[in-house]
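# Residue-level structural notes
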Amino acid sequence: DFFVDFLNINLVSYVRLASLALPLLKESSGHTVVMSAFNGKMPIPNLAWYSAAKFGLDGFFSSLRVELMKAQQDVSVTLAVLGDIWTPRKQEALEKLPGGKKMLDFAAAIDKAAVAIIRGGATRAREIYYPVYTFPWYQLTNLMPQVMDYLMTKIPDYSTEQ
């Protein structure tokens, strides 16, 4: 089943790996960076299956962060919330869609995304948002959820993978 396989790869594997690494992270005052997506902070139409895994990552790793703080363990957890990042696969998929080439204008360069992720991990940031436009959208979702739900119904039905 596609959905079960997808969750195993994009959620369960993260949880298992973190659980296995946790003793070493505690011993070394380590740090983990979790790759997530904008879809894990804000509902996007036609991507509920993708959002389920990304919201799950946020829930698990945010809870783990607080548990580690409560136990006074010097282990930090950074959640990298990524928006559109240019990849060859993304370009190929978007070029097939009407207006897709324009959407590529908003995709961030992959090398700059990597630098932002590394910087966030090195500074032990709680969360990083890249490209920068992802953070205000997330804040608007928290402040005005009904408005953002309405706005999300107005975006085109592009159900390409991130």
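Residues numbered from 1 in each chain as written. Predicted model: local features only at pLDDT ≥ 70, side-chain atom pairs only at ≥ 80, totals over all residues. Heavy atoms only, no water.

### Some points on the nonpolar core
Generally speaking, soluble globular proteins have nonpolar side chains that are buried together. Residues Val-34, Phe-61 and Leu-68 are the most contacted members of the largest nonpolar core, which totals 25 residues. Elements with a minimum of two residues in this core: α1 (2-28), β1 (31-37), α2 (48-70), β2 (76-82) and α7 (145-152). Not counting residues up to four positions away in its chain, the partners in contact with Phe-61 are Tyr-14, Ala-18, Val-34 and Val-77. Within the second largest apolar cluster, ten residues are counted, among which are Leu-82, Ile-85, Ala-116 and Tyr-130. (Core = buried A, V, L, I, M, F, W, Y, C linked by side-chain atoms within 4.5 Å. Buried < 20%, exposed > 50% of the residue type's maximum accessible area, 1.4 Å probe, protein only. Helix = DSSP H or I, 4+ residues; strand = E, 2+ residues; numbered from the N terminus. Contact = heavy atoms within 4.5 Å.)

### Let's talk about the pairing of β2
The element β2 is extensively covered by neighbouring structure, given that seven of its seven residues are classed as buried. Burial of β2 is two-sided: the residues Ser-76, Thr-78, Ala-80 and Leu-82 facing one way and the residues Val-77, Leu-79 and Val-81 facing the other way are all buried. Bridge count for β1 against β2 is seven bridges, and the pairing is parallel. Residue pairing for β2: His-31 is matched across the bridge by Ser-76. Handedness of the crossover joining β1 and β2 through α2: right-handed. Where β2 and strand β3 (residues 127-130) come together, four bridges link them in parallel fashion. Bridge pairing in β3 links Leu-79 to Glu-127. (Pairing = 2+ DSSP bridges. Right-handed = clockwise from strand over helix to strand, strands pointing away.)

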